[in-house]
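Observations on chain architecture
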Amino acid sequence: MSTLSLMRGPARVVVRRYRRPLWTVGALALAGIAAVVGTYLWTSSVSDTFAGTGCSAQKVTRGCGDTVRHFLDAEFHFHQVFAYADLVMMLLPAFIGIFVAGPVIGRELESGTYKLSWTQSVSPARWLAAQLAVPAVLTLAGVSVLSAVCAWARSKANGMHYTLQWYERVVYGAMGTVPVGYALCMLAFGALAALVLRRTVAAMIVTVVAYGALVVALNTVRNSLWPVRTDTFRFGSAYRFPDAAADTGQGWITTGGKRLPADVCLNSADDLKDCLAGHDVAFRYLDYHPASHFWPLQLVETGILLVLAAAAVALAFRVLRRRHG
């Protein structure tokens, strides 16, 4: 009998047992998608109407005050809906981890109901695999769709007056492959916490803390996950910062190639040029990630998250074998 056939029964039990929460989450996801798409369609309709009025948001035109205000309010409303959707996407992995650590595994271990499954020709390993496989498949599908909707919404917001840049933490964490990586990682962490602690509330709290620590850690090192580009230019030159680029650092370079911080002359009593000359400064430098680095950064970070998820799953099975053979 194949592994897939052996998994089918336990997986079906998991789906039936948690069908109401799963339907609720699915309905909320569809409502969120409808809100984003519906708000964009309304904003697009307002924009088309505004284009035919002859008014402009860039210059003052007599009699256009209310029309321009209505147009900008519509764009700002879409901006707010998009920002809220991004925030929900950032928090979603924590809720997935809590769901697995709490009702899916933690509650069964705490109440002892898992023993019933194990007496029905279901081994502990198959039981845990089913508890992980069902939410993992649903998470992979659902988060991928939501991430695609957020990316679509941002592409539509690019030409508006209120925009969010790709490198902003909330936006970056809601698009691409990173949301999927975080969700799967927290699913694995939630399972591990439940197996180790065997207490529902404690496992949920630890999962939330782990998510917060993971987000802080990866946000701290994110800029170093892919080599930055560096532009050097003379002080006072007509250098133009690249569009949609993420500034990761700037300062001064001496004739010997040594880097100095941007504020090296901030508290100097000398004139800025005299101070720079005193430090033998030749150029100014700027480190940045251009918009083309979005996918390399996403894929590297996702790879780290998937490795952590795999390690957590392996450790969870190891804990299960040690305690229950």
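The structure we're discussing is the one just above.
So, here's what we can say about the structure. (Residues numbered from 1 in each chain as written. Predicted model: local features only at pLDDT ≥ 70, side-chain atom pairs only at ≥ 80, totals over all residues. Heavy atoms only, no water.)

1. Topic: the overall build of the chain
Along the chain, the regular secondary structure elements total eleven helices and four strands. Computed over C-alpha atoms, the radius of gyration of the chain comes to 26 Å, more than 25% over the 20 Å expected from 2.2 N^0.38 for 325 residues, which places it beyond the range of a compact globule. In terms of principal-axis extent, the alpha carbons of the chain reach across some 80 × 60 × 35 Å. Residue pairs at least 24 apart in sequence account for 82% of intrachain contacts in the chain once pairs closer than 6 positions are excluded. For the chain, the exposed surface amounts to about 17,700 Å²; the carbon and sulfur share of it is 62%. Of the side-chain charges in the chain, 29 are positive and 18 negative, and the distance between the mean point of each set is 21 Å. (Helix = DSSP H or I, 4+ residues; strand = E, 2+ residues; numbered from the N terminus. Rg over C-alpha atoms; globule rule 2.2 N^0.38 Å. Contact = heavy atoms within 4.5 Å. Areas by Shrake-Rupley, 256 points an atom, 1.4 Å probe, with all protein chains shown as cover. Lys, Arg positive; Asp, Glu negative; His and termini not counted. Charge placed at Lys NZ, Arg CZ, Asp CG, Glu CD.)

2. What about the packing of helix H2 (residues 19-51) against helix H6 (residues 124-157)?
The N-to-C vectors of H2 and H6 enclose an angle of 10 degrees; their axes lie 10 Å apart at closest approach. Put simply, H2 runs roughly parallel to H6. Residues Leu-22, Ala-29, Ile-33, Val-36, Val-37 and Tyr-40 of H2 form the contact with H6, whose participating residues are Leu-138, Val-145, Leu-146, Val-149, Trp-152, Ala-153 and Lys-156. In terms of residue class, the contact of H2 with H6 is built from twelve nonpolar, no polar and one charged. (Axes fitted to C-alpha atoms, helices over the stretch in contact; angles between N-to-C directions. Parallel < 35°, antiparallel > 145°, perpendicular 65-115°, else oblique. Nonpolar A, V, L, I, M, F, W, Y, C, P; charged D, E, K, R; others polar.)

3. What to know about the pattern of salt bridges
Tallied over the entire structure, the rule returns four salt bridges. Across the pair Asp-66 and Arg-69 runs a salt bridge whose closest N-O atoms are separated by 2.7 Å. Of the two residues, Asp-66 and Arg-69 are both situated in helix H3 (residues 65-104); the distance of three residues between them amounts to about one turn of the helix. (Salt bridge = Lys/Arg side-chain N within 4 Å of Asp/Glu carboxyl O.)

4. A look at a positive patch on the surface
There is a patch of like positive charges on the surface, built from Arg-12, Arg-16, Arg-19 and Arg-20. Where the positive patch is concerned, the elements lending two or more residues are helix H1 (3-17) and H2. One can find Arg-20 in helix H2. Judged by its relative accessible area of 69%, Arg-20 is exposed. (Patch = residues over 30% accessible without salt bridge, like charges linked within 9 Å, V, L, I, M, F, W, Y side chains within 5 Å. Buried < 20%, exposed > 50% of the residue type's maximum accessible area, 1.4 Å probe, protein only.)

5. What to know about the side chain of Arg-222
Along the chain, Arg-222 turns up in the loop between helix H9 (200-221) and strand E1 (229-233). Judged by relative accessible area, which is 9%, Arg-222 ranks as buried. For Arg-222, the contacting residues outside a window of four places in its chain are Tyr-172, Tyr-182, Leu-297 and Glu-301.

6. Focus: the sheet that holds strand E4 (residues 281-289)
Read from one edge to the other, the open sheet built from four strands follows the order E1-E4-E2-E3, with strand pairing classed as antiparallel. Looking along the sheet, the strands with just one partner apiece sit at the ends: E1 and strand E3 (259-261). On average, each strand axis in the sheet is tilted by 35 degrees relative to the strand beside it, whichever way the strands run. Bridging between strand E2 (residues 246-254) and E3 involves three bridges; their strand directions are antiparallel. Residue pairing for E3: Trp-252 is matched across the bridge by Leu-260. (Pairing = 2+ DSSP bridges.)

7. Considering the state of the cysteines
For the structure shown, the criterion picks out two disulfides. Residue Cys-265 pairs covalently with Cys-275 via a disulfide, S to S 2.1 Å. Given an S-S torsion of about -90 degrees, the disulfide between Cys-265 and Cys-275 has left-handed geometry. Here Cys-275 lies in helix H10 (residues 272-278) and Cys-265 lies in the loop between E3 and H10, a separation of ten residues in the sequence. The two residues Cys-265 and Cys-275 agree in class, both being buried. A disulfide-free cysteine, Cys-150 has its sulfur positioned 20 Å from the sulfur of Cys-185, the nearest such atom. By relative accessible area, Cys-185 is classed as buried at 0%. (Disulfide = S-S within 2.5 Å.)

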